[in-house]
Amino acid sequence: MTIEKQLPSTRTTELDSICLKAEVIPVLAIQRIEDAVPLARALFEGGLTVLEITLRTDCALEAIKRINEALPQASIGVGTVLTPAQYRQAEEVGADFVVTPGTTEALYRYGVTSPVPMLPGVATVSELMTGWQYGYRRFKFFPAEASGGVKALKAFAGPIPEARFCPTGGIGINNAEDYLALKNVMCVGGSWLTPKSLIDAEDWDAIRSLAREAAERFHH
Ligand code: 3PG
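Residues numbered from 1 in each chain as written. Predicted model: local features only at pLDDT ≥ 70, side-chain atom pairs only at ≥ 80, totals over all residues. Heavy atoms only, no water.

**Some words on the sheet that holds strand S1 (residues 24-28)**
Read from one edge of the open sheet, six strands run S5-S4-S3-S2-S1-S9, paired in parallel fashion. If you trace the sheet from one side to the other, it starts and ends with strand S5 (118-119) and strand S9 (188-190), each paired once. In terms of strand pairing, S1 meets S9 through three bridges, oriented parallel. Directly across from Val24, in S9, lies its bridge partner Val188. (Pairing = 2+ DSSP bridges. Helix = DSSP H or I, 4+ residues; strand = E, 2+ residues; numbered from the N terminus.)

**Digging into helix H6 (residues 125-134)**
Inspection of H6 places Leu128, Gly131, Trp132 and Tyr134 among the buried residues, and these make up the whole buried set. Burial along H6 is one-sided: seen end-on, the buried residues are contained in an arc of 155°. At its buried positions, H6 is contacted by helix H5 (105-113), strand S6 (121-122), strand S7 (138-141), helix H7 (149-156) and strand S8 (164-167). Looking one or two residues beyond H6, the residue adopting positive phi is Gly135, at roughly 110°. (Buried < 20%, exposed > 50% of the residue type's maximum accessible area, 1.4 Å probe, protein only. Arc of directions from axis to C-beta. Contact = heavy atoms within 4.5 Å.)

**Notes on the nonpolar core**
Residues Ile30, Phe139, Phe165, Val188 and Trp192 are the most contacted members of the largest nonpolar core, which totals 65 residues. Counting residues per element, this core draws most heavily on helix H2 (residues 36-45), which supplies six residues. If we ignore the near neighbours within four places in the chain, the residues touching Ile30 are Ala36, Leu39, Ile53, Thr57, Cys59, Ala63 and Ile67. Counting 12 residues, the second-largest nonpolar core is a separate cluster that includes Cys19, Phe97, Cys166 and Met186. (Core = buried A, V, L, I, M, F, W, Y, C linked by side-chain atoms within 4.5 Å.)

Take a look at the structure:
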């Protein structure tokens, strides 16, 4: 396979410096706007300073604005970006990076023009090859467990050893280490750090402890 030269616009260095700050990226779906800041603060205080906030809920954009204001030192990824229009919304609310669950040509094309770097979601070598041709070198691997998990990532390293991944989907405290041990994994993500029962109970102390446990266990 001929691999095209990397385009500087895909901002691999920026993505690397964000992912280096945390081996674990909590994935948040904020249902109630009043939970946004206390939840993000609990994760941040627990030592997880890079957060992915998904556009899966009505108040997501407002939540991102408030979290950005309250925790300017946190790195905020806007997740579940499905279209270039949502990518632009993420830029407007001050995203540090954008995360997509899968990829379309439209997203790949938009991403190389945007000032905000994208972590495109891939599950197959073909999707990875398309992204690679656009210049992308860092990817989300989603849904990780359902798409072959650790074995798939090891296999990806055969044809495209330089690609690096943030796997998410089915990852938790018990299997995160298996992924982090791979050379082509830079960090892992997941919703296990934000259980709905603890958020509904506004148990921010418990969430801070979960974050601390993950931050200490998986520290670089
Ligand atoms: C994501 O968008 O990354 C996933 O929803 C996270 O997957 P998980 O809920 O299985 O951790």
